[in-house]
Amino acid sequence: PTSAQVSVVPHSGRFCYTLDNDLLTTQQRQFYEDNGYLLIKKLVSDEDIERFRREFIRICKREVNPPGAMIMKDESLRSQFGQSEKVVNKVQDFQEDEELFRYCTLPEVLKYVECFTGPNIMAMHTMLINKLPDSDKQTFLHPMHQDLHYFPFRPASRIVCAWTAMEQADQDNGCLVVQPGTHKTTLKPHGYPKWEGKTNKLFHGLLDEDEKTPKVHLVMEKGDTVFFHPLLIHGSGINKTSGFRKSISCHFASSECYYIDVKNTIQEHLEKELEEMVRKKYNATSVELKDIWNFRARLVQGEKINL
């Protein structure tokens with residue numbers, strides 16, 4: 001849809017989580033309304049995915065060093081594999097990498113994003129995940145969580161994640177796992193799971209997970225893209241194969257969203273942890289959460305308003 005074709009007022013109260021548009025069918029809107037996610041097959045081309053993969057390899061080999069990017073590695077593998085994709089499990093905040101950031105500006109992705117955010121779109125948080133083979137230690141198991149835990153902006157219903165599989169993702173190599181309908185719940189307390197020596201920095205999970213809530217494994221082909229709500233409870237399993245499971249994603253928000261103060265809320269401990277990490281990384285004396293997000297955020301369509 002063009003900007004003119006999207007109404008920013010949800011349709012007559014029937015749909016809370018999507019805006020009126022000419023792209024989604026009523027069935028697709030209802031599915032997202034009920035479940036909190038929507039899978040679109042073959043949305044991103046093989047050619048684009050190959051370009052993102054090549055750029056990721058260049059980052060792993062340190063041929064490119066995007067400013068501000070957080071490159072997460074399994075240090076225990078470095079002596080064995082050196083600088084290679086066999087060591088890097090995530091590139092986060094790639095907004096300064098022109099090639100990877102193309103993902104956030106792809107028209108085929110943005111036309112869907114617009115159905116959730118409206119016409120004024122900010123790319124807020126970017127990640128390329130390279131799930132390493134991990135059959136015994138479970139280092140790269142991501143506990144069940146809600147992404148809104150990480151975000152100091154609202155309203156939640158004008159935020160959406162686009163997550164694209166860069167190759168086949170299934171239960172063997174640790175595909176996404178979602179709990180349909182949990183986007184209708186509130187933000188729950190998160191923290192580090194009580195796994196002996198298996199937690200990654202900032203891989204927070206629900207402190208009180210209801211094991212009885214039904215889970216769905218999202219089996220996806222290369223180029224398939226899932227759009228999901230920031231309150232949807234989700235995670236990913238371990239990669240039991242000898243290959244790598246890559247995905248690229250961006251959280252988008254309406255630029256009309258606004259920052260909130262997380263002090264005295266269940267998000268406060270995350271704010272402190274994040275600020276401390278950034279202070280160390282950049283030798284900064286004082287950093288506020290809003291500064292971190294202003295540094296990450298990029299306008300990708302329409303007008304910049306609040307964020």
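Structure: above.
Residues numbered from 1 in each chain as written. Predicted model: local features only at pLDDT ≥ 70, side-chain atom pairs only at ≥ 80, totals over all residues. Heavy atoms only, no water.

**Section: the overall build of the protein**
Okay, so step 1: Scanning the protein from terminus to terminus reveals seven helices and 16 strands.
Okay, so step 2: Relative to all contacts within the protein whose residues are 6 or more apart in sequence, the contacts with residues 24 or more apart total 80%.
Okay, so step 3: Element-wise, carbon and sulfur atoms account for 50% of the exposed surface of the protein, whose accessible area totals about 13700 Å². (Helix = DSSP H or I, 4+ residues; strand = E, 2+ residues; numbered from the N terminus. Contact = heavy atoms within 4.5 Å. Areas by Shrake-Rupley, 256 points an atom, 1.4 Å probe, with all protein chains shown as cover.)

**Looking at the sheet that holds strand E11 (residues 216-217)**
Okay, so step 1: Reading across from one edge, E5-E13-E8-E11 is the order of the four strands in this open sheet, with antiparallel pairing throughout. Two strands bound the open sheet, and with one partner strand each, they are strand E5 (142-145) and E11. (Pairing = 2+ DSSP bridges.)

**Side note on the layout of surface pockets**
Okay, so step 1: Each pocket or cavity is described by its volume, and for the largest pocket that value is around 370 Å³.
Okay, so step 2: Surrounding the largest pocket, 17 residues form its lining, Gly68, Asp93, Val278, Lys281 and Tyr282 being those nearest its centre.
Okay, so step 3: Secondary-structure elements contributing two or more residues to the lining of the largest pocket are strand E2 (70-73), helix H6 (268-282) and helix H7 (289-296).
Okay, so step 4: Grouping the constituent residues of the lining of the largest pocket by class yields twelve nonpolar, one polar and four charged. (1 Å grid on protein atoms, 1.4 Å probe; cavity = no way out; pocket = protein on both sides within 12 Å on 5 of 7 lines; lining within 4 Å. Points joined across faces, edges and corners; volume = space filled by probe spheres on them. Nonpolar A, V, L, I, M, F, W, Y, C, P; charged D, E, K, R; others polar.)

**A look at the environment of Pro66**
Okay, so step 1: Relative to the helices and strands, Pro66 resides in the loop between helix H2 (46-60) and E2.
Okay, so step 2: In this structure Pro66 comes out as buried when scored by relative accessible area, which is 5%.
Okay, so step 3: Residues Pro66 and Gln95, 29 residues apart in the sequence, show an inter-C-alpha distance of 8.3 Å.
Okay, so step 4: Discounting chain neighbours no more than four positions away, the residues touching Pro66 are Ile59 and Asp97. (Buried < 20%, exposed > 50% of the residue type's maximum accessible area, 1.4 Å probe, protein only.)

**Regarding the side chain of Asp224**
Okay, so step 1: Along the polypeptide, Asp224 turns up in the loop between E11 and strand E12 (225-228).
Okay, so step 2: Polar side-chain contacts of Asp224 include one of 2.8 Å to the backbone nitrogen of Lys42.
Okay, so step 3: Look past the residues within four positions of Asp224 in its chain and what remains in contact with it is Leu39, Ile40, Lys41, Lys42, Trp163, Thr164 and Ala165. (Polar contact = N/O pair within 3.5 Å; in protein donor to acceptor, adjacent residues only side chain to side chain.)

**Quick look at empty space enclosed by the protein**
Okay, so step 1: Tallying each qualifying case throughout the model produces two cavities of 30 Å³ or more.
Okay, so step 2: When its volume is computed, the largest cavity comes out at roughly 440 Å³.
Okay, so step 3: Around the largest cavity, the lining is made up of 32 residues, and of these Lys90, Met127, Ile129, His142 and His145 lie nearest the centre.
Okay, so step 4: Sort the elements by how many residues they give to the lining of the largest cavity and strand E4 (residues 121-131) lands first, with five residues.
Okay, so step 5: Here the lining of the largest cavity is built from residues that sort into 15 nonpolar, eleven polar and six charged.
Okay, so step 6: Of the pockets and cavities examined, the second largest cavity occupies roughly 30 Å³.
Okay, so step 7: When grouped by side-chain class, the residues that make up the lining of the second largest cavity number six nonpolar, two polar and one charged.

**As for the pattern of salt bridges**
Should the charged atoms of two oppositely charged side chains come close, the side chains can pair.
Okay, so step 1: In the structure shown here, the tally under the stated rule is 16 salt bridges.
Okay, so step 2: The shortest N-O distance in the salt bridge between Glu209 and Lys215 comes to 3.2 Å.
Okay, so step 3: Where Glu271 meets Lys263, a salt bridge forms, and the shortest distance between an N and an O atom there is 3.5 Å.
Okay, so step 4: Look at Lys263 and you get partly exposed, because its relative accessible area is 45%.
Okay, so step 5: Within this structure, Asp48, Arg51, Glu99 and Arg102 form a network of salt bridges that share partners. (Salt bridge = Lys/Arg side-chain N within 4 Å of Asp/Glu carboxyl O.)

**Some details on the packing of H6 against H7**
Okay, so step 1: Viewed as axis vectors pointing N to C, H6 and H7 meet at an angle of 65°, and their least axial separation amounts to 9 Å. Between H6 and H7 lies a crossing whose hand is left-handed. Between H6, through Glu271, Leu274, Glu275 and Val278, and H7, the contact on the second element is made entirely by Leu289, Ile292 and Arg296.
Okay, so step 2: Partitioned by chemical class, the residues of the contact of H6 with H7 number four nonpolar, no polar and three charged. (Axes fitted to C-alpha atoms, helices over the stretch in contact; angles between N-to-C directions. Left-handed = near helix turned anticlockwise from the far one by under 90°.)

**A closer look at the pairing of E4**
Okay, so step 1: The buried fraction of E4 amounts to eleven of the eleven residues, a majority that puts the element mostly inside the structure.
Okay, so step 2: Inspection of the sheet shows strand E3 (residues 88-92) paired to E4 by three bridges, in the antiparallel sense. Bridge assignment links Lys90 to a residue of E4, and that residue is Ile129.
Okay, so step 3: Sheet topology places E4 next to strand E16 (residues 298-301); three bridges connect them, and they run antiparallel. Note that in E16 the partner of Ile121 across the bridge is Gln301.

So far we have only geometry, and geometry alone does not tell us how the molecule works.
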